[in-house]
Amino acid sequence: LSLAKESTHGLLLISGPVGTGKSYLIRSILTELNERRAVVCSPPTEFLFQAGKLTQVAANFGKSIIVLEDIGEIVAIDAASKYEDARANLLNFSEGLLSLLVDGIIIVSFNYSIEKIDPAILRPGRCLAHIKIGNLSYERAKSLVSFEIPESSYSLAEIYEMKRTEKIISSKEDKVGLTR
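Residues numbered from 1 in each chain as written. Predicted model: local features only at pLDDT ≥ 70, side-chain atom pairs only at ≥ 80, totals over all residues. Heavy atoms only, no water.

A.B. asks: Run through the nonpolar core, naming residues and quoting values.
C.D. replies: Judged by nonpolar contacts, the single largest core of 27 residues is most densely connected at I66 and L90. The set of elements that each furnish at least two residues to this core consists of β1 (9-15), α3 (44-49), α4 (51-60), β3 (64-68), α5 (72-75), α6 (84-95) and β4 (104-110). The leading source of residues in this core is α6, at 4 residues. Those residues in contact with L90, other than ones at most four positions away along the chain, are L11, L48, L68, I71, V75, I106, V108 and I121. In this structure, L12, I105, I107 and L128 belong to the second largest nonpolar core, which totals 12 residues. (Core = buried A, V, L, I, M, F, W, Y, C linked by side-chain atoms within 4.5 Å. Buried < 20%, exposed > 50% of the residue type's maximum accessible area, 1.4 Å probe, protein only. Helix = DSSP H or I, 4+ residues; strand = E, 2+ residues; numbered from the N terminus. Contact = heavy atoms within 4.5 Å.)

A.B. asks: Tell me what's going on with the pairing of β4, and back it up with residues and numbers.
C.D. replies: Of all the 7 residues making up β4, 7 are buried; the element is thus mostly covered by neighbouring parts of the structure. Burial along β4 is two-sided: G104, I106, V108 and F110 facing one way and I105, I107 and S109 facing the other are all buried. As judged from the 5 bridges shared by β3 and β4, these two strands associate in the parallel manner. By the bridge assignment, S64 is partnered in β4 with G104. (Pairing = 2+ DSSP bridges.)

A.B. asks: How would you sum up the side chain of E158? Please name residues and give values.
C.D. replies: Residue placement: E158 occurs in helix α9 (residues 156-165). Engagement of the side chain of E158 in a polar contact is seen with the backbone nitrogen of S155, the distance being 2.8 Å. (Polar contact = N/O pair within 3.5 Å; in protein donor to acceptor, adjacent residues only side chain to side chain.)

A.B. asks: Describe in detail the environment of I66, supporting the description with residues and values.
C.D. replies: Among the secondary structure elements, I66 is positioned in strand β3. Judged by relative accessible area, I66 falls into the buried class, the value being 0%. Separated by 33 residues in the primary sequence, I66 and S99 place their C-alpha atoms 12 Å from one another. Excluding residues within four positions of it along the chain, I66 makes contact with V39, C41, L54, A58, F93, G104, I105, I106 and I107.

A.B. asks: How would you summarise the pattern of salt bridges if you had to cite specific residues and measurements?
C.D. replies: Here the structure, examined in full by the defined rule, presents 7 salt bridges. Note that K53 is salt-bridged to E46, the shortest N-O span being 2.1 Å. By relative accessible area, K53 is classed as partly exposed at 27%. With a relative accessible area of 32%, E46 lands in the partly exposed category. Here E95 and R123 are joined by a salt bridge, their closest N and O atoms 1.8 Å apart. Of the two residues, E95 sits in helix α6 while R123 sits in the loop between α7 (119-122) and β5 (127-132), which places them 28 residues apart along the sequence. (Salt bridge = Lys/Arg side-chain N within 4 Å of Asp/Glu carboxyl O.)

A.B. asks: How would you explain the confidence of the model for the protein chain if you had to name every residue and give the values?
C.D. replies: Segments scoring low in pLDDT should not have their predicted coordinates read at a detailed level. Chain-level pLDDT for the protein chain is 86 on average; 92% of the residues reach the 70-or-more range. Overall, residues 176-180 carries pLDDT values under 50, and its contacts beyond four positions in sequence, including any with other chains, amount to 7 contacts. (pLDDT = per-residue confidence, 0-100.)

A.B. asks: Give me helix α2 (residues 22-32): which residues, what numbers.
C.D. replies: Buried residues of α2: K22, I26 and I29, and no others. Buried residues of α2, viewed axially, fall in a sector of 60 degrees; they line one side. Along α2, exposed side chains directed more than 90 degrees from the buried face belong to R27 and T31. On its buried face, α2 is in contact with β1, β3, β4 and β5. (Arc of directions from axis to C-beta.)

Here you go:
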C-alpha cells in the first residue's frame, strides 16, 4: 500500500476466483488509504468506454481511488479487439496523458488468471502491485467456523455461507450456488 500512498497514478490489480474476498480486500484498502476519496464506478464498462466520464469523476474528487470491479473481460489478452477503446482509456488514464489531469489510483479486480491479462496492464510503472487472493487453508477455515468441517480449502464466501446456515458445504453444487 505504500506505493499507492506515494503515487499519483497507476493500477492496483486484485485477482482471484469468485468468492475469495476481493471486494472485502478493496474495502480494507479504501480504509487504509483514507486520505484519498473512493469512487466506485458501476458499471465499470460505462466509465471505461467514455474516458471523459472517468476523468470528470476523478477530477471532481481530487486525490482519489477509482474502483473498477470485475473487469477481467476488458483486461484479458483475448478480448483486445472487443474492448479496444475501453482498454486504451484504462491504459491512458493509469499512465498516459489522462493521468496528468488527476491524482487517481485505479483498483481493478478480476477473476482471470494473471497469465491471461494483457502485458500492457502489467507493465512496471503502470501496475503498482498485483494482489492474488485464493481460498483459505483448511486450518484457517476451521478457525473461522464453530463446527467441524471436511478437510479442504474454502473460499471466504463458503465460510460466510457455512457460518450463516450453520451447515457444512459438502459438494461442489452447494459451493457454486450459494444461497442468499
